[in-house]
Structure formats: C-alpha cells, structure tokens
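Survey of secondary and tertiary structure
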Amino acid sequence: MRADGDDVQERIAEYRRIAVFGGVYSNAPALEAMLADARGRDVEAVFCLGDMGGFGPHPDRVFPLLREAGVLAIQGNYDESLALGKTDCGCGYTDPRDNHFARISYEYTFAKTSMENKRWLGGLPAHRRLRLGTRRVLMSHGSPRVINEFLWESATPTGLLKRFLREGAADVLLCTHTGIKWHRALPDGTHAVNVGVIGRPENDGSSNVWYTVLTAGPDLSVEFIPVHYDYETLARQMEQEGLPPEFAETVRTGWWTTCLENLPSQERSRGKF
Amino acid sequence: MIGPMRLPLINWMAPPADAPRAPFLRLSTLWIQITGTWCNLECVHCINASGPADPWLKPVSPEVVRRAIREAEDLGVKEIYFTGGEPFLHAEMLALLGDALEVAPTTVLTNGTLIDEAMADGLAALARRASYSLEVRVSLDDTDPETNDRVRGAGSFSKAVAAIVRLNDRGLLPIVTATEIARAAHAGEGMYERFRGFLMARGIEKPRVKIMPVFALGRLGREGDPRLTEADLAGFDRGLLQCSESRVVGDGGVYACPILAGLPGARLTEGTLKESFADAPLYHPACVTCVQTGMTCKNG
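Residues numbered from 1 in each chain as written. Chains lettered and ligands numbered in written order. Predicted model: local features only at pLDDT ≥ 70, side-chain atom pairs only at ≥ 80, totals over all residues. Heavy atoms only, no water.

1. Concerning the overall build of chain B
Across its full length, chain B holds seven helices and eleven strands. Here chain B has a C-alpha radius of gyration of 18 Å; the compact-globule value for 300 residues is 19 Å, and the two agree. Reported as C-alpha extents along the three principal axes, the dimensions of chain B are approximately 55 × 45 × 40 Å. The 300 residues of chain B split such that 60% are buried. (Helix = DSSP H or I, 4+ residues; strand = E, 2+ residues; numbered from the N terminus. Rg over C-alpha atoms; globule rule 2.2 N^0.38 Å. Buried < 20%, exposed > 50% of the residue type's maximum accessible area, 1.4 Å probe, protein only.)

2. Some points on the overall build of chain A
Along chain A, the regular secondary structure elements total nine helices and eleven strands. Here the C-alpha radius of gyration of chain A, 18 Å, is about what a compact globule of 273 residues would show, namely 19 Å. The C-alpha extent of chain A, read off along each of the three principal axes, is 65 × 40 × 35 Å. Expressed as a percentage of the 273 residues in chain A, the buried residues total 58%. Excluding contacts between residues fewer than 6 apart, the proportion of contacts in chain A whose partners are at least 24 apart in sequence is 69%. Put simply, chain A shows about 11,000 Å² of open surface, and 48% of that area lies on carbon and sulfur atoms. For chain A, the separation between the mean place of its 31 positive charges and that of its 36 negative charges on side chains is 1 Å. (Contact = heavy atoms within 4.5 Å. Areas by Shrake-Rupley, 256 points an atom, 1.4 Å probe, with all protein chains shown as cover. Lys, Arg positive; Asp, Glu negative; His and termini not counted. Charge placed at Lys NZ, Arg CZ, Asp CG, Glu CD.)

3. Observations regarding the packing of helix H7 (residues 231–240) of chain A against helix H8 (residues 245–253) of chain A
All names here are of chain A. For the pair H7 and H8, the least separation of the axes is 9 Å and the interaxial angle reads 175°. In terms of axis orientation, H7 runs roughly antiparallel to H8. Where H7 approaches H8, its residues Tyr231, Glu232, Leu234, Ala235, Arg236, Met238 and Glu239 are matched on the opposing element by Phe247, Ala248, Val251 and Arg252. Across the contact of H7 with H8, the residue classes tally to seven nonpolar, no polar and four charged. (Axes fitted to C-alpha atoms, helices over the stretch in contact; angles between N-to-C directions. Parallel < 35°, antiparallel > 145°, perpendicular 65-115°, else oblique. Nonpolar A, V, L, I, M, F, W, Y, C, P; charged D, E, K, R; others polar.)

4. As for the sheet that holds strand S10 (residues 209–215) of chain A
Two strands in a sheet stick together by hydrogen bonds in their backbones, pointing the same way (parallel) or opposite ways (antiparallel). Residues and elements named next belong to chain A. Strand order in this open sheet of five strands is S4-S3-S2-S10-S11, and the pairing throughout is mixed. Edge positions in the open sheet fall to strand S4 (72–73) and strand S11 (221–227), since each of these has one partner strand only. Pairing of strand S2 (residues 17–21) with S10 involves four bridges; the strand directions are antiparallel. By the bridge assignment, Arg17 is partnered in S10 with Thr215. (Pairing = 2+ DSSP bridges.)

5. Notes on the state of the cysteines
Here, disulfide denotes a covalent bond that connects the sulfur atoms of two cysteines. In this structure the tally under the stated criterion is zero disulfides over all chains. The thiol of Cys175 of chain A is not disulfide-bonded; the next cysteine sulfur, from Cys48 of chain A, is found 13 Å away. (Disulfide = S-S within 2.5 Å.)

6. Describing the confidence of the model for chain A
On average, residues of chain A score 95 in pLDDT, and 96% of them are at 70 or above. Across residues 1–5 of chain A the pLDDT falls below 50, and counting only partners more than four positions away or on other chains, this stretch makes three contacts in the model. (pLDDT = per-residue confidence, 0-100.)

7. Observations concerning the interface of chain A and chain B
Chain A puts 31 residues into the contact, and the matching count from chain B is 26 residues. Summed over both sides, the interface of chain A with chain B buries roughly 2,100 Å², with 45% coming from carbon and sulfur. Connecting chain A to chain B are one salt bridge. Applying the counting criterion to the chain A and chain B interface returns 16 residue pairs in polar contact (both at pLDDT 80 or more). Of all the secondary-structure elements, those providing two or more residues to the side of chain A that touches chain B are helix H4 (96–112), helix H6 (158–167) and helix H9 (265–270) of chain A. Residue composition of the side of chain A that touches chain B, by class: ten nonpolar, nine polar and twelve charged. (Buried area = accessible area lost by both parts, 1.4 Å probe. Salt bridge = Lys/Arg side-chain N within 4 Å of Asp/Glu carboxyl O. Polar contact = N/O pair within 3.5 Å; in protein donor to acceptor, adjacent residues only side chain to side chain.)

8. Thoughts on the packing of aromatic side chains
Counted under the stated rule, the structure contains twelve aromatic pairs over all chains. Taking 5.7 Å as the distance between ring centres and 5° as the angle between the ring planes, the aromatic pair formed by Phe150 of chain A and Trp152 of chain A counts as stacked. The buried category is assigned to Trp152 of chain A, whose relative accessible area is 5%. Note on Phe24 of chain B and Phe277 of chain B: the rings are 4.2 Å apart at their centroids and 20° apart in plane angle, and the pair reads as stacked. You can see Phe24 of chain B sitting in the loop between strand S1 (21–22) and strand S2 (29–33) and its partner Phe277 of chain B sitting in the loop between strand S10 (267–269) and strand S11 (280–281), a full 253 residues away along the chain. Put simply, the rings of Phe55, Phe101 and Phe247 of chain A touch in pairs and so form one group of aromatic residues. The ring of Trp120 of chain A is capped by Arg67 of chain A, whose NZ or CZ atom sits 5.2 Å from the centre of that ring. Lying across the ring of Trp210 of chain A, Lys181 of chain A places its NZ or CZ 3.9 Å from the centre. (Phe/Tyr/Trp six-rings, centres within 6.5 Å; stacked < 30°, edge-to-face > 60°. Lys NZ or Arg CZ within 6 Å of the ring centre and 35° of its normal.)

9. Considering H4 of chain A
With 17 residues, H4 of chain A should cover 24 Å at 1.5 Å per step; its first-to-last C-alpha distance of 24 Å lies within 8% of that length. Those residues of H4 of chain A that are buried are in contact with helix H3 (77–84) and H8 of chain A together with helix H6 (191–201) of chain B. (Expected span 1.5 Å × (residues − 1).)

10. Topic: unusual backbone geometry
For the bond running from Gly84 of chain B to Gly85 of chain B, omega is 15°, close enough to zero to count as cis. A positive phi angle is found at Tyr25 of chain A, which is not glycine, with a value near 50°. With respect to the secondary-structure elements, Tyr25 of chain A resides in the loop between S2 and helix H1 (28–39). Classification of Tyr25 of chain A as buried rests on a relative accessible area of 11%. Non-glycine residue His58 of chain A carries a positive phi angle of around 45°. Among the secondary structure elements, His58 of chain A is positioned in the loop between strand S3 (45–48) and helix H2 (62–68).

11. Re the pairing of strand S4 (residues 106–110) of chain B
Residues and elements named next belong to chain B. Counting buried residues in S4 gives five out of five residues, a clear majority hidden from the surface. Sheet topology places strand S3 (residues 79–83) next to S4; three bridges connect them, and they run parallel. Each residue of the ladder has a partner; that of Tyr81, found in S4, is Thr107. With helix H2 (residues 93–101) bridging S3 and its parallel neighbour S4, the resulting β-α-β unit is right-handed. Judged from the five bridges that link them, S4 and strand S5 (residues 134–139) form a sheet pairing that is parallel. Following the sheet pairing, Val108 is matched in S5 by Val136. Handedness of the crossover joining S4 and S5 through helix H3 (residues 117–129): right-handed. (Right-handed = clockwise from strand over helix to strand, strands pointing away.)

Rendered as structure tokens:
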C-alpha cells in the first residue's frame, strides 16, 4: 500500500495480439515451423506455456530456437523435474503402461539435456500475467493451482474455471498440459483456453500440431492455428535415437499410442486406441 | 440406526486424540455414498461390508444428493463420483447421474450386474447429452470366472463381463476396476496386462483398467490392525492423500474418505460440505494402506 492508501499497480505488459503454444516435447521441426507461421501473423509477442522436452529426440535443439525468437516461457512439469534433477517427469500418470513410456522418455530427455539448458528451465516462472486489451490474462501450465493438473475439455467444470478466474483475478485463463486444445467462453464474458501443444499431434488422425493466436477486441478472438511440419524427419530421428516405435507411430499417424489412460471417456473415444 | 453388529468392532472406534491429521486443501472430488451399504452382492473383501440384508449404512435421499451437487458446483468441484453399495439399486440413479453431469464429469462405481440392455441404453443416452464425460467403473476381481466368483459371488463374473461388453458396444468405454485380492492366483503374471489382454480378446479395443490394493477394513478388518502415528508420517506430504481434497456425502453427514464413509469416527459434520472443510483424522487402519500405496479411489 502507498502512503496515500492507494494500491500500487504492478506494471503488466499490454498487448493487442499474441501467439501462445504449449508442449514442445523436443519437436524442433514443429517449433521452427510454428515460429515462422507466427511471424507472418502480426503478433506482438510469442508465449510458451512449458514442457520443452519429453517424447521427441535431441532435446537441446529446441532451446536456441526459443531464445532466438524471444519466446516468453513459463515452466511446465517436465521443465521443473529436469531443473530440479527429479527422478520422474511429474506428468501425473497413474497407469502402469503410461508410466512405462513416461519413464523411457524422461530418462532419455534427462540424459540428453545440457546443464545450461536445465538451469534455464529452472529460471522460468510458474505463471505469467499480461493484458490483452482490457482483459487480464493468467497463464499456467496445468491449472493455476497445480502444475500438472489435467484440464481436459470434457472434465473441467465451468464452476471450477470460474473459481480459477476469480481467485486468479483474471478474465482469461490460458493453459496446456493435456495435449488437446479447447476454448470455453463463460457466460460472464470471461474465457478459458487450452492452447494445445506443438510437440505431438492431438489424437485426431492428422499429423499437424496446433497453436493459438489471441486478439484483443470487444469480443476476444481465439484462433487455433494448424502447423504442418516435416514429421517424417522427426519420426526418423526418434527411431535413430532408439525412442519407442510407438512414439514415431504417433508422429506419423496422428493417433496417440501411449499416455492414453488419463483421457476422459469423451476424448478417449475420439482416438483410435 | 441399523447398528454395528455385522462389522468388526474396530470400524466403530473413535479417533484417538493423538491421531495424525490430513490437511484440507480444496474440494476437488465429491463422492456420493448413494446406496449406503445396500448391495446385491456380498464380496468377501468389501471395504464397507455391503450386502443385500440389513445394510448398516442407509441410502441417501435424492434431495440430499441434489443439494450436495449444487453446493459442490458453487465450491468449484472438479469431479463427482457415485458409489455404494451398488448404485444401480437406487431407483433414481439415472436421474441423479444426469443432475451431476450438468455440473461436472461424473463417475459411477458399479458391480455391473444390474446393467442390462435398457440400463446400458439409458447410460449411453445420458453420455451423449452431457458436455462432461460420464465414466462407468465396473468391478471385476479376476479374469478367471471361478476365481472371480469365489470373491464376488456365483454368477457375478458373467453378468459383469456382459455389462462391460454392453457399455463398450455403446461407446461408453467402461473402466474395469480390480483389487489385488486374487493376485496370488496368477503368480509371476502382470495383473494389469492380464486384464488388458482379457478385455482386448473380447473385442474391447480401448481397454481401461484400474488396479486397487486390498484394504484391511470391512469384512477384512481385524482388531489390532496397525494405525498411523506422527512418526510414520515424518517427511510424507499429507497433501497427496485423497482426503485432503475429497469429501463424501453419505447417510449421517459428510466424511473425508469414500471407504470410511458412514463410520462415526470418520464423520466431519452432520451439516454442509463447507462445514466439513477441516483437517481429517488419519485414525483408521485403512489410512495405513493409502499412505503406503499412494492409492486413490479416483479414476486416475
């Protein structure tokens, strides 16, 4: 509080149009394609909601791309685990088969990520706040309260989103972590958006990945942008690195083959496996 | 009250004053103990000794259920679960599931024996209408009919498997829930893979399996079973326990734990959900299993 009794407002950056993505999962070709696409869309800043590694090959390749493009990132559970030297990714799986693949992925990523990049991940903030026009935006990886909380479209009640927005003093909540994008406009004019991931296709039989462009205005504009990239090269690199063939299959087919057991029934029923 | 005579005495003890406590962090999960301990089966390992005769815990009225759902919505609940007993013995089960699905993703835990063609149709219609996911968890304790029926009762295997197939045929993707009670019957074989293989062999292309530990309570509870002390919990994050973010509405009030619901020692209030938001005593032998296994009654 200032001496005159007025609250001191924290300086929060204000934007008109931004690009936001999540879950890079060591997919450098997709990241490169996405950044090039965003440059052509007149965005003022690019944000990443975390999880740079896991699933894909050569984890260190994504960091120069993020830094050179000036991407403003927050920390995901994978980033937190790598930075702290934890023994597992903290993805929040409870199923034995999911945990088997998660373990392979994490051990590979941990061994192949440089100390310098782990330190960089350790310095990322847990949340970011900004203004998009007049709207207050809160960014988190999982949920605002738990870094690895899954917010699936069919398993996230509107009442819970209202609570997150109220407690977070925000008009727009942005999150990722699940790997499948969605947008819900709430009756009071607030919004929740899962921005999707660019590291892995979203279990719909298409090889492309997704990011999100948000534009201020009387009505908030939320555009999901497909990103097409050289997935065959990525799949071959995964095979050369000895990653599970199930991972390369997902990259080629667009169907998830692992990490399926956390999917609620609606999302699971749309996939092949 | 029907009385405690059918349960081991240990289930009715009061929490000792020095029992460790679990903090209350948030209401993520609302459980409805919809049919109390009224069940059409009488499984040997049942956590709350449910059965067809003289249930010691009574069903909950639809009014109480609807009031709890409304309050939970205001409190920002994330998931709702129905359990019992056997939930499909409740005359208004489908309607109440529909009410819950208006508010949050909802799961029903069932033995599957009452899910005939008409009930499967009703559940499929509910799931199609709902914005949120409906999950049906069907209990099965072994992939071998005889081993399963020794635990769950004669004929229970074939009825449960028929229900699983019916639900799957309608796109409902049931979660098959098994306890580890029959693990010894298949020494050296992975229980999870065995269930997955069993389901896939029956044409279930997206098998979902949840394995639960066996608890020392209900019909398996014994006087003298170990209980937690503060020393046992040194360095343990109590916020990981499901009682730190779940509440259970059952006959008699609100409880912290789905498997202790109905026990006087586990009751936090006779009032509202909000009035139950306080530390919960980790006083029961079942609490040892939760701490040791990290288990949760939730789907994932």
